[in-house]
Amino acid sequence: GGTEELVLFVEVERKAQLTGAQVRQFEDAIREKVALATGITPSEVIALRYGSLPRTSSGKVRRGHVAEAHRADRSAGVAGRLRQVVAGEAVDGVG
């Protein structure tokens, strides 16, 4: 079978205005804090614009849909298609 990995998708506050470098710093800081708190280092931390994650009608994140979209991005070789910098710019070199 396949291997499991931890990938975190984190929505950034709507009013935040971050550069690509700041987004990478944010993702790295979350990765480090999760690793220190749990002993598990996420393979990826992906910052998204607030409201980007698909939700059910009751407001729960559609985790299966997010995981499927992420796997599709990886197999297509499209780094960072799910990522959206809060400023609305692409993040180069993240992924």
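Rules of the game
Residues numbered from 1 in each chain as written. Predicted model: local features only at pLDDT ≥ 70, side-chain atom pairs only at ≥ 80, totals over all residues. Heavy atoms only, no water. Pairing = 2+ DSSP bridges. Helix = DSSP H or I, 4+ residues; strand = E, 2+ residues; numbered from the N terminus. Right-handed = clockwise from strand over helix to strand, strands pointing away. 1 Å grid on protein atoms, 1.4 Å probe; cavity = no way out; pocket = protein on both sides within 12 Å on 5 of 7 lines; lining within 4 Å. Points joined across faces, edges and corners; volume = space filled by probe spheres on them. Nonpolar A, V, L, I, M, F, W, Y, C, P; charged D, E, K, R; others polar. pLDDT = per-residue confidence, 0-100. Contact = heavy atoms within 4.5 Å.

1. What to know about the pairing of strand β1 (residues 7-12)
Moving on, step 1. With six bridges joining them, β1 and strand β2 (residues 44-49) adopt parallel strand pairing. In the sheet register, Leu-8 faces β2, and the bridge partner there is Val-45.
Moving on, step 2. You can see the chain leave β1, run along helix α1 (residues 20-38) and come back into β2, and the turn it takes is right-handed.

2. A word on the layout of surface pockets
Moving on, step 1. Of the voids in this model, the largest pocket is the one considered here, and its volume is about 290 Å³.
Moving on, step 2. Lining the largest pocket, in full, are Thr-3, Glu-5, Val-7, Phe-9, Leu-53, Val-61, Arg-63, Val-66, Ala-67, His-70, Arg-71 and Arg-74.
Moving on, step 3. Elements with a contribution of two residues or more to the lining of the largest pocket: β1 and α2 (63-76).
Moving on, step 4. A per-element tally of the lining of the largest pocket places α2 first, with six residues.
Moving on, step 5. In the lining of the largest pocket, the residues fall into six nonpolar, two polar and four charged.

3. Notes on the confidence of the model for the protein
Moving on, step 1. In the predicted model, the protein carries a mean pLDDT of 79, and the fraction of residues at 70 or more is 77%.
Moving on, step 2. Across the protein, the element-wise mean pLDDT spans from 80 in α2 up to 93 in α1.
Moving on, step 3. Segment residues 81-95: pLDDT under 50, and 43 contacts once partners within four positions in sequence are set aside and those in other chains are kept.

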